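Letter by letter, the chains look like this.
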Amino acid sequence: MVQNPIIAIDGFASTGKSTVARALSQHFRLPFIDSGAFYRGITLFAIENGFVKNNKVDQGGLEPKLTELDFKYDSSSSHLHLNGQNISEKIRQPEIAKHVSSISSIDFVRDFVLKELRALGTDGLVMDGRDIGTVVFPHADYKFFFIAKPEVRAQRRYQELKEKGVVTSYQEVLNNLIHRDKTDSGREVAPLVKAEDAIEIDTSELNAQEVLSSAVQIIESK
Ligand code: DC
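Residues numbered from 1 in each chain as written. Predicted model: local features only at pLDDT ≥ 70, side-chain atom pairs only at ≥ 80, totals over all residues. Heavy atoms only, no water.

Brief notes about the pairing of strand β1 (residues 6–11)
- Within β1, six of the six residues are buried, which leaves it mostly tucked inside the rest of the structure.
- Where burial is concerned, the two faces of β1 agree: the one with I6, A8 and D10 and the one with I7, I9 and G11 are both buried.
- Both β1 and strand β8 (residues 125–129) contribute to a ladder of five bridges, which runs parallel. Looking across to β8, one finds that A8 is bridged to M127.
- Relative to strand β9 (residues 142–147), β1 runs parallel, the two being bridged by five bridges. Each bridged residue has a counterpart across the sheet, and for G11 the counterpart in β9 is F146. (Buried < 20%, exposed > 50% of the residue type's maximum accessible area, 1.4 Å probe, protein only. Helix = DSSP H or I, 4+ residues; strand = E, 2+ residues; numbered from the N terminus. Pairing = 2+ DSSP bridges.)

Below you can see the structure in the form of structure tokens.
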């Protein structure tokens with residue numbers, strides 16, 4: 001196995017990427033970075049500052065404001081701070097999920113997050129997202145691409161939100177996932193695609209432990 005590897009886990013929303021990425025990071029004692037949190041953080045900022053109105057993003061207003069954003073990511077707790085405030089809970093709200101795909105399709109937002117993420121990748125790490133193996137770290141040592149049936153993913157996300165006390169319905173979660181799949185895969189900049197050299201794992205019928213074991217095996221054998 002490569003020393004201090006960069007491990008990239010990409011794939012569709014709610015396929016278990018973060019759970020497995022976190023477990024891999026503990027197994028190999030590497031930092032874990034949830035790249036989606038940065039897009040969610042910018043979405044929160046845009047909403048709180050009035051740059052999202054009637055489901056439209058005021059790009060002209062948002063762009064110059066990005067220089068005011070100071071993100072700090074604590075890889076041991078996976079907490080994200082924005083301008084000194086811990087936003088880890090707030091960014092999981094359905095209101096953020098609703099707008100994050102359109103915010104993350106904007107080229108200047110992607111440029112901003114790309115720089116933040118690359119700055120974290122000087123040593124080994126595990127990072128999950130949509131474009132980690134294709135754009136952020138195209139030379140990652142190990143690349144995985146997770147897929148799963150939309151109904152299974154929606155059920156998992158719904159359960160997760162319910163346990164956190166977030167008010168939503170299964171149908172709302174499913175609709176949001178289908179909408180995000182479409183926007184994430186169809187956008188012009190850094191769309192969600194499998195890197196040629198990524199290993200695909202279908203997590204529909206597997207639990208987190210099973211996915212973790214197969215990823216560990218693949219990593220240790222190379
Ligand atoms: O992984 P997540 O559901 O928290 O990601 C939220 C959104 O951010 C997702 O709909 C697409 C976007 N995203 C992205 O475009 N590129 C990444 N590397 C990570 C997330």
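Next comes the rest of the account.
Remarks on the environment of V166
- By secondary structure assignment, the location of V166 is in the loop between α7 (150–163) and α8 (170–186).
- Judged by its relative accessible area of 14%, V166 falls in the buried class.
- For the pair V166 and P5, spaced 161 residues apart in the sequence, the C-alpha separation amounts to 36 Å.

Topic: the sheet that holds strand β7 (residues 85–86)
- Taken in spatial order, the three strands make up an open sheet running β5-β6-β7, and their pairing is antiparallel. In the strand order of this sheet, the two ends are held by β5 (71–74) and β7, each with one partner.
- Bridging between strand β6 (residues 79–82) and β7 involves two bridges; their strand directions are antiparallel. Each bridged residue has a counterpart across the sheet, and for H81 the counterpart in β7 is N86.

As for the environment of F45
- Here F45 shows up in helix α2 (residues 36–48).
- Considered as a pair, F45 and S221 are 176 residues apart in the sequence and their alpha carbons are 43 Å apart.
- Residues within four places of F45 in sequence aside, it is in contact with F51, L62, K65, E68, L69 and L82. (Contact = heavy atoms within 4.5 Å.)

Examining the packing of aromatic side chains
- What the rule picks out here adds up to four aromatic pairs.
- Members of the aromatic cluster, connected to one another through ring pairs, are F38, F71, Y73 and F112. (Phe/Tyr/Trp six-rings, centres within 6.5 Å; stacked < 30°, edge-to-face > 60°.)

Notes on the nonpolar core
- Ranked by size, the top nonpolar core spans 55 residues in total, and within it I7, L24, I42, L62, F71, V109 and F144 carry the most contacts.
- With seven residues, α2 is the single largest residue contributor to this core.
- Discounting chain neighbours no more than four positions away, the residues touching F144 are I7, A8, I9, D10, A198, I199, I201, A215, I218 and I219.
- In terms of nonpolar packing, the next biggest core, distinct from the first, is built from eight residues, A154, L161, V166 and L177 among them. (Core = buried A, V, L, I, M, F, W, Y, C linked by side-chain atoms within 4.5 Å.)

Considerations on the site of the ligand
- Residues in contact with the ligand amount to 16 residues; listed here are only the nearest, R40, R110, D131, R180 and R187.
- Between the ligand and R40 there is a distance of 2.7 Å, counted from an oxygen atom to a side-chain nitrogen or oxygen.
- Note that a nitrogen atom of the ligand is positioned 2.8 Å from one of the side-chain N or O atoms of D131.
- In the complex, 98% of the free accessible area of the ligand, which totals 450 Å², lies under the protein chains.
- Every element with two or more residues in the shell around the ligand is listed here: α2, α4 (94–103) and α8.
- The class makeup of the residues in the shell around the ligand is three nonpolar, five polar and eight charged. (Near = heavy atom within 4 Å. Polar contact = N/O pair within 3.5 Å; in protein donor to acceptor, adjacent residues only side chain to side chain. Areas by Shrake-Rupley, 256 points an atom, 1.4 Å probe, with all protein chains shown as cover. Nonpolar A, V, L, I, M, F, W, Y, C, P; charged D, E, K, R; others polar.)

Some remarks on unusual backbone geometry
- Within the chain, N54 stands out as a residue other than glycine whose phi angle is a positive 50°.
- At N83, a position not held by glycine, the phi torsion is positive, near 45°.
- Residue position: N83 is located in the loop between β6 and β7.
- Residue class for N83 comes out partly exposed when judged on its relative accessible area of 43%.

Functional significance is not addressed by these values, which are geometric in nature.
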